Every structure is written in C-alpha cells, then in structure tokens.
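# Coordinate analysis (summary)
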Amino acid sequence: MIQAKGRGYGTMALKLLIYWAFNHTDTHRLWLDVKDYNVRAQHVYEAAGFKKEGTLRECIRTEGGFESLQIMSILRHELRTDELNANLQIRGIQH
C-alpha cells in the first residue's frame, strides 16, 4: 500500500499507462468501472483524463444489498500528451 497518498503518483502512473496503450497499440478507447462510493479513485481517473459515461445501478450483489458501478472511459484523441510531457519534465522523468 502506498503511504504517500495525495502526491499524484497514482495519477501519473495511470497517465503513463494510458500513453503507452495509445502509442504502442491500436487502442481507440480505454474504459473501466469503479464502485460508486470510491470517490478517491474516481478523482484519480478523472485527473488522468477519463470521463464518466454512466452508472450501472445496483449491479453487484453484496451481503448488505446491492452496489452500483460508475463506467468511465478515455478516447485516443482525448489524451493530453502536452500535459503529460510537462508533468514528466517537472518530475525529472524521461520517457
């Protein structure tokens, strides 16, 4: 578990993975689902460029009832390489 939360490490790692996927494969769209109550993860995904598409309402059965999922995605043309390059340069990372 990462102890230094809130420093942008997760967002930067996700941006690098997105960059790699779009620049080394023919991928047009990346998508994910995240539990409705996981606001911290949703924030990381949005900061990396993912957009909310909708909600799968009460699609997971749990012991206590049901949980919903948010569907999020990013398209190839939405990738902000200029922003990624600036962040990498600030952190002294070469790609």
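Please refer to the structure placed before this passage.
The present account deals with the structure reproduced in this document. Being a predicted model, the structure only gives us computed values, none of them experimental.

### Considering the pairing of strand β2 (residues 51-62)
- The pairing of β2 with strand β3 (residues 65-75) spans eight bridges and is antiparallel. Paired with Gly54 across the two strands is Ile71, which belongs to β3.
- Hairpin remark: β2 followed by β3, antiparallel, with two residues in the connecting loop.

### Structural notes on the sheet that holds β3
- The strand order β1-β3-β2 describes an open sheet built from three strands, whose pairing is antiparallel. In this open sheet, the two edge strands, each paired with only one partner strand, are β1 (29-35) and β2. Pairs of neighbouring strands in the sheet enclose a mean axial angle of 25°, with direction left out of account.
- Sitting on the sheet, helix α1 (residues 9-24) touches β1 and β3, and the angle it makes with β1 is about 150°.

### Topic: α1
- Compared with the 22 Å implied by 1.5 Å per residue over 16 residues, the 22 Å span of α1 between its first and last C-alpha is a close match.
- Along α1, the residues classified as buried are Thr11, Met12, Leu14, Lys15, Ile18, Ala21 and Phe22.

### Considerations on the pattern of salt bridges
- Under the defined criterion, the tally for this structure stands at three salt bridges.
- Lys52 is the partner of Glu46 in a salt bridge, and the nearest nitrogen-oxygen pair spans 3.9 Å.
- Among the residues examined, Glu46 registers a relative accessible area of 41% and is labelled partly exposed.

Calculation rules
Counting from 1, residues in each chain are numbered in the order their sequence is written. Where local features are concerned, this predicted model is filtered to residues with pLDDT of at least 70; where side-chain atom pairs are given and counted, the filter is 80 or more; whole-chain, interface and lining totals use all residues. Hydrogens and waters are ignored; side-chain quantities use all the structure's heavy atoms. Paired strands, as defined in this entry, are two strands with at least two bridges between them according to DSSP. Each helix corresponds to a stretch of at least 4 residues labelled H or I by DSSP, and each strand to a stretch of at least 2 residues labelled E; elements are numbered beginning at the N terminus. Comment: axis = line fitted to C-alpha atoms, over the contacting stretch for helices; angle = value between 0 and 180 degrees taken between N-to-C directions. What makes two residues a contact is simply this: any of their non-hydrogen atoms within 4.5 Å. Helix span, expected: 1.5 Å multiplied by one less than the number of residues in the helix. For every residue, the accessible area (1.4 Å probe, protein chains only) is compared with the maximum for its type, and the residue is labelled buried under 20%, exposed over 50%, or partly exposed between those bounds. Here, a salt bridge means any side-chain nitrogen of Lys or Arg that lies within 4 Å of a carboxyl oxygen of Asp or Glu.

Remember, this is a structural readout, not a statement about activity or role.
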